[in-house]
Amino acid sequence: MSSVLEKDKQHVWHPFTQMKTAGEPLDIVKAKGSYLYDREGKSYLDCNSSWWVNVHGHCHAHMTKKITEQIKQIDHIIFAGATHEQAVKLADRVVKLLPDHFQKVFFSDNGSTAVEVAIKMVFQYWYNLNQPKKRILALEGAYHGDTFGAMSVGQRDYFNKPFEPFFFDVDYLDFPSKEKEESTLLRAEELFKTNEFAAVIVEPLVQGSAGMYMYSASWLNELVKIARKYNVKVIFDEVMTAWGRTGTYFAMDHCDEKPDIVCLSKGLTGGVIPLGLTVATDEIYNAFLSDEKAKALLHGHSFTGNAIACAAANASLDLFEIGYTWKRVARIGKKHLTFQKEIANHKAIKDVRVLGTIIAIELYTEEGSSYFASIRDKAYNFFLEKGLLIRPLGNIIFLNPPYSFKDEELDVVYGTILEFIESLKA
Ligand SMILES: Cc1ncc(COP(=O)(O)O)c(C=O)c1O
């Protein structure tokens, strides 16, 4: 065991990990392009983009250059009563990429805080207007992060059971699968009619942590229209779906109806440095303008607007603007669709879902679909052995690779997934 692993065992408490039973972590010494390298020199294809964040490949030369330049200029400065060029440039670029009504950008640290800020924004928006509304609508199966507000609007289950007594009340719609599209919309209307709803929050088009479950843009359009009719604010949590993941900058680009607030993080900085953004309309922002200081959004973090993170985000946007990134996104999406056709009728496969650069392969298991399906660890270890870092969501094997992935690498990954499925027969 290397000294790093020894010290890790002594002192490090890893996220989402049962430390009693988990095996040794990978001891990674280098990350380059689509690969991670361990101390023994073994390489691993980073098939889930290191928790869905990395978009351009690791240690990309342009990202590294811009981050290095920035750290020599401004590292981090307070963001209340001060500003800096990188944050302003980023805000300007992000609002130009979003539909016109998005005008104001609030900075925070990660996906959970971007969601937390969105929730606080909508509650305080109604409070400031002297029409306090306490209810929020979310979707069954939702995951919006691990802070209390974000957990409150997420699926209530084994992930957050100990905290449930502390959550605020949230109403849930069933997941809008084809057969439930109509009934869920009727239910939403029934609830919104009460005039008690501050907002509805969704992961647009793809529920990530639930198992990359996908639903239609037409359903989402209808939900937003109903929310508008009853003056309910709409939050799209695009923490996972933005930055090319669904084939476009944002999942909302697939929709005609747009939200009032959007949460961004993960691939925002190319997946290199933590940063969260909550982007709102002027209409929401204006409700916080007052001669009373207490009507301001009294929220912030020490590292809000970090200049190095903003420089990384600007560097990532450069890479989207030069065009080759979009060719890669389209190429990966096309390969996924071809593979989907090839395996759609496989006996061991319950469903194959594709949107943009995401492909999810749901396997039949005796236990049914579950995050704790025993097949998960088997699959994870099988793939690691073969040099692929894939973290299945229970019995759902999915890929959302960095866009640096080459066709040959995708072929290797697809082949290894089929090999794993074949190995189950033995
Ligand atoms: C849709 C969505 N929202 C929020 C989050 C939380 O983001 P973070 O892990 O950066 O706090 C995640 C993380 O996976 C996510 O998928």
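About the thresholds
Residues numbered from 1 in each chain as written. Predicted model: local features only at pLDDT ≥ 70, side-chain atom pairs only at ≥ 80, totals over all residues. Helix = DSSP H or I, 4+ residues; strand = E, 2+ residues; numbered from the N terminus. Rg over C-alpha atoms; globule rule 2.2 N^0.38 Å. Buried ≥ 20, exposed ≤ 12 C-beta atoms within 10 Å, placed from the backbone. Contact = placed C-beta atoms within 7 Å. Domains from an automatic or database assignment. Nonpolar A, V, L, I, M, F, W, Y, C, P; charged D, E, K, R; others polar. Core = buried A, V, L, I, M, F, W, Y, C linked by C-beta atoms within 7 Å. Pairing = 2+ DSSP bridges. Expected span 1.5 Å × (residues − 1). Arc of directions from axis to C-beta. Axes fitted to C-alpha atoms, helices over the stretch in contact; angles between N-to-C directions. Parallel < 35°, antiparallel > 145°, perpendicular 65-115°, else oblique. Left-handed = near helix turned anticlockwise from the far one by under 90°. Near = placed C-beta within 6 Å.

Draft legend 1. Highlighting the overall build of the protein. In terms of regular secondary structure, the protein is built from 14 helices and 16 strands. For the protein, the C-alpha radius of gyration of 22 Å lies close to 22 Å, the compact-globule estimate for 426 residues. Within the protein, the proportion of its 426 residues that are buried is 44%. The contacts of the protein with a sequence gap of at least 6 include a subset with a gap of at least 24, amounting to 72%.

Draft legend 2. The arrangement of the domain arrangement of the protein in detail. Considered domain by domain, the protein is made up of domain 1 (3-59 + 323-423) and domain 2 (63-321). Taken together, the contacts link 25 residues of domain 1 with 21 residues of domain 2. At the level of secondary structure, the elements contributing two or more residues to the side of domain 1 that touches domain 2 comprise α2 (49-52), α12 (324-343), β13 (349-355), β14 (358-363) and β16 (396-399). Tallied by class, residues from the side of domain 1 that touches domain 2 come to 12 nonpolar, 11 polar and two charged.

Draft legend 3. Main features of the nonpolar core. Core analysis: the biggest nonpolar cluster contains 115 residues, and A118, A199, V200, V279 and F398 have the highest contact counts within it. Ranked by the residues each element gives to this core, the list is headed by helix α11 (residues 307-321), at nine residues. Composition of this core by domain shows at least three residues from each of domain 1 (3-59 + 323-423) and domain 2 (63-321). The residues touching A118, leaving out its near neighbours within four places in the chain, are I235, I261, C263 and T278.

Draft legend 4. Spotlight on the sheet that holds strand β15 (residues 388-389). Across the sheet, which stays open at both edges, the four strands sit in the order β1-β2-β3-β15 with mixed pairing between neighbours. Among the strands making up the open sheet, the edge pair consists of β1 (28-32) and β15. Looking at chain direction, β1 and strand β2 (residues 35-38) are connected through four bridges and run antiparallel. The residue of β2 that forms the bridge with K30 is Y37.

Draft legend 5. Quick look at helix α9 (residues 217-229). The end-to-end C-alpha distance of α9 is 18 Å, a good match for the 18 Å that 13 residues give at a rise of 1.5 Å each. Turning to α9, its buried residues number three or more, namely L220, L223, V224, I226 and A227. Each buried residue of α9 lies within a common arc of 160 degrees when the element is viewed along its axis, so the set occupies one face. Immediately beyond the C-terminal end of α9, within one or two residues, lies N231, with a positive phi of roughly 60 degrees.

Draft legend 6. Inspection of the sheet that holds strand β5 (residues 135-139) at higher detail. Pairing is mixed in the open sheet, where seven strands are placed in the order β4-β12-β11-β10-β7-β5-β6. Of all the strands in the sheet, the pair left with one neighbour each is β4 (102-108) and β6 (170-173). For this sheet, the mean inter-axis angle between neighbouring strands, taken without regard to orientation, is 20 degrees. The strands that helix α4 (residues 85-97) touches are β4 and β12 (276-281); relative to β4, the one it contacts most, it runs at about 135 degrees.

Draft legend 7. Region of the structure containing unusual backbone geometry. A positive phi angle, close to 60 degrees, is found at N130, a residue other than glycine. Tracing the sequence through the fold places N130 in the loop between α5 (111-128) and β5. In this structure, N195 is a non-glycine residue whose phi angle is positive, near 65 degrees. We classify N195 as exposed; it has 11 C-beta atoms within 10 Å.

Draft legend 8. Representation of the packing of helix α13 (residues 375-385) against helix α14 (residues 407-423) in the model. Direction vectors running N to C along α13 and α14 enclose 130 degrees, while the axes themselves pass 11 Å from each other. By the criterion of interaxial angle, the relationship of α13 to α14 is oblique. The handedness of the crossing between α13 and α14 is right-handed. Contact residues: α13 offers A379, F382 and F383, while α14 offers T416, F420 and S423.

Draft legend 9. Region of interest: the site of the ligand. The ligand sits among 14 residues. The nearest are N110, G111, S112, G145 and V239. Those elements giving two or more residues to the shell around the ligand turn out to be α5 and α8 (208-211). If one sorts the elements of the shell around the ligand by residue count, α5 sits on top with three residues. Across the shell around the ligand, the residue classes break down as four nonpolar, eight polar and two charged.

Draft legend 10. Looking closely at α14. Taking 1.5 Å per residue, 17 residues should reach 24 Å; α14 reaches 24 Å between its end C-alpha atoms and fits that length. Within the span of α14, buried status applies to L410, V413, I417 and F420. Summarising the axial view, the buried residues of α14 lie within an arc of 80 degrees, below the 170-degree limit, and thus occupy one face. In α14, those exposed residues whose orientation departs by more than 90 degrees from the buried face are D407, E408, D411, G415, E419, E422 and S423. Where α14 is buried, its residues touch β3 (43-46), α12, β14, α13, β15 and β16.

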